[in-house]
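Reading the structure
Listed below are the residues making up each chain.
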Amino acid sequence: MNPHSHSASPHDLSRNEILAEEVENFSAAQLDVTTRSLTDAGNGPAGEGYLILRDLIIPLSRSREILLGRDSNACNVVLADPRISKRHAIIYFSIDRFFVRDLGSVNGTFVNRVCLTDKPEALIVGDHLLLRPYRMLFVGPEHPRVAQRLRPAEEAPPASKRSGHFSGKLEILRITDLIQLLNSTGQNGLLTVRDAHRHVAEISFLNGEICRARYQHWQGESAVHAVLAHATRGEFEFVQGQPPRCDNPIAKPTLTLLLDGCRLLDEANA
C-alpha cells in the first residue's frame, strides 16, 4: 500500500468536496501537551506515535489498538461530540507503521482531506486526521514539543520520592499540561490556580482523576472547562494528600474532560 495514496471512491470524493472548506478552516497551529496515561508503548523511538489535538497529545500504543469514538465504555479516546459515532475509528501498529481504519462511521474519517473507506490507511508524520469536528496531527517522538514534554516525565523520580508540593507559573507550564501530568502520575491532592485576574480555582485529584472543581461561579465539569479557557496566565500550586470529600464527584474521566474542553474552545473560536 502506498501510504500517501489515500485513494477515494466517487462517494468519498463527494464527501470531500462538501467538507473541504470546513477542513481548511481548522488551525494548523496546535498546542501540545503530553500524557502517557493511555499507552503501554515501549521506550524506544521506533514505532512511537502521537496525535496532537489542540492542547492535548494523545500517545498511541504499539501493543494494543486505540479506539476513538463516543462510547466511553469501549473507547480509549472518548470524543463526546454528537457528530462522532460510538465506535468511529481505530488506530493500530503493524509492520513498523501506525494504521487508521474507519469503522463505518456516519460522518467519516479523513486523512489529509480524503475520506477513508473500510480499508486501513498508513499514517505518516505530518498527516492530518479529521473526525468531525476534531482535527488531529500525527507526529513522532522527535516533534519538538512532544520531546520537551516527554523528557520531564521520563526523568521524574518515582512517586514515593516526589515532593508533596510544587508550584509555578502557567506561562511556563500550561494548565492542560499540568492537569495531564497529575493525571498520568496518579496524584492525590489539591491544585490551586490563580489566573491573571487573581481569580482562584481549586481542583481536587483522586488517583489522578479530577473529582471536584470550582472556579468563580462554575462548579464541576463547567469549572474545569472554564479554567482551560481562561487560566492561560497566572500561578499554580499543588499540594499532595487526600483531597476534601467530594459529595457529588465528577464522573467523567479527566482525559474526556480535557477533550470536551478542547472541543468547546474550538467552537467558541470558530
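Residues numbered from 1 in each chain as written. Predicted model: local features only at pLDDT ≥ 70, side-chain atom pairs only at ≥ 80, totals over all residues. Heavy atoms only, no water.

1. Quick look at the overall build of the chain
Summing up its helical and strand segments, the chain has five helices and 17 strands in all. Here the chain holds 270 residues, and 49% of them are scored as buried. For the chain, the computed accessible surface area is about 13,100 Å², with 50% contributed by carbon and sulfur atoms. (Helix = DSSP H or I, 4+ residues; strand = E, 2+ residues; numbered from the N terminus. Buried < 20%, exposed > 50% of the residue type's maximum accessible area, 1.4 Å probe, protein only. Areas by Shrake-Rupley, 256 points an atom, 1.4 Å probe, with all protein chains shown as cover.)

2. Structural notes on the environment of Leu 259
Position of Leu 259 relative to the elements: it lies in helix H5 (residues 254–269). In the structure, Leu 259 is positioned 34 residues away from His 225 in sequence and 9.7 Å away in space, judged by C-alpha atoms. Leu 259 has contacts with Leu 53, Leu 56, Ile 58, Val 77, Val 78, Leu 79 and Tyr 134, leaving out every residue within four places of it along the chain. (Contact = heavy atoms within 4.5 Å.)

3. Some words on the packing of aromatic side chains
According to the stated counting rule, one finds seven aromatic pairs in the structure shown. Ring geometry for Tyr 92 versus Phe 99: centroids 5.8 Å apart, planes at 15°, classification stacked. A relative accessible area of 13% places Phe 99 in the buried class. An angle of 45° between the planes, with centres 5.7 Å apart, marks the rings of Phe 166 and Phe 238 as tilted. (Phe/Tyr/Trp six-rings, centres within 6.5 Å; stacked < 30°, edge-to-face > 60°.)

4. Some words on the side chain of Ser 61
Among the structural elements, Ser 61 can be located in the loop between strand E2 (56–59) and strand E3 (66–69). Among the residues examined, Ser 61 registers a relative accessible area of 1% and is labelled buried. At 3.1 Å, the side chain of Ser 61 and the backbone nitrogen of Ser 63 are in polar contact. Engagement of the side chain of Ser 61 in a polar contact is seen with the backbone nitrogen of Arg 64, the distance being 3.3 Å. (Polar contact = N/O pair within 3.5 Å; in protein donor to acceptor, adjacent residues only side chain to side chain.)

5. Some words on the nonpolar core
In this structure, Leu 51, Leu 68, Leu 79, Ile 91, Ile 175, Ile 179 and Leu 191 are the most contacted members of the largest nonpolar core, which totals 50 residues. Not counting residues within four places of it along the chain, the set of residues in contact with Ile 179 comprises Leu 191, Ile 203, Phe 205, Ile 210, Leu 228, Thr 254 and Leu 258. (Core = buried A, V, L, I, M, F, W, Y, C linked by side-chain atoms within 4.5 Å.)

6. Topic: the pattern of salt bridges
With the rule as written, the count across this model stands at eight salt bridges. Note that Glu 235 and Lys 169 form a salt bridge whose closest N and O atoms lie 3.7 Å from each other. With Glu 235 in strand E17 (residues 234–240) and Lys 169 in strand E12 (residues 165–169), this residue pair connects regions lying 66 residues apart in the sequence. On the basis of relative accessibility, which here comes to 33%, the residue Glu 235 falls in the partly exposed class. Overall, the relative accessible area of 44% leaves Lys 169 in the partly exposed class. (Salt bridge = Lys/Arg side-chain N within 4 Å of Asp/Glu carboxyl O.)

7. Overview of helix H3 (residues 175–184)
By the criterion of burial, H3 is predominantly enclosed, with eight of the 10 residues buried. Listed in full, the buried residues belonging to H3 are Ile 175, Thr 176, Asp 177, Leu 178, Ile 179, Gln 180, Leu 182 and Asn 183. Count one or two residues on from H3 and you reach Gly 186, which has phi positive near 65°.

8. Observations regarding the packing of helix H4 (residues 220–230) against H5
Running from amino to carboxyl end, H4 crosses H5 at an angle of 55°, the nearest separation of the two axes being 9 Å. Between H4 and H5, the angle is such that the two are oblique. Considering how the two elements wind past one another, H4 and H5 form a crossing that is right-handed. Between H4, through Glu 221, Val 224, His 225, Leu 228 and Ala 229, and H5, the contact on the second element is made entirely by Leu 257, Leu 258, Asp 260, Gly 261, Leu 264 and Leu 265. For the contact of H4 with H5, a count of residues per class yields seven nonpolar, two polar and two charged. (Axes fitted to C-alpha atoms, helices over the stretch in contact; angles between N-to-C directions. Parallel < 35°, antiparallel > 145°, perpendicular 65-115°, else oblique. Left-handed = near helix turned anticlockwise from the far one by under 90°. Nonpolar A, V, L, I, M, F, W, Y, C, P; charged D, E, K, R; others polar.)

9. A closer look at the confidence of the model for the chain
Counting all residues, the mean pLDDT for the chain is 77, and 74% of those residues have values of 70 or more. Below a pLDDT of 50 lies the segment residues 5–46, which in the model reaches 104 contacts outside its immediate sequence neighbourhood of four places, other chains included. Segment residues 153–163: pLDDT under 50, and six contacts once partners within four positions in sequence are set aside and those in other chains are kept. (pLDDT = per-residue confidence, 0-100.)

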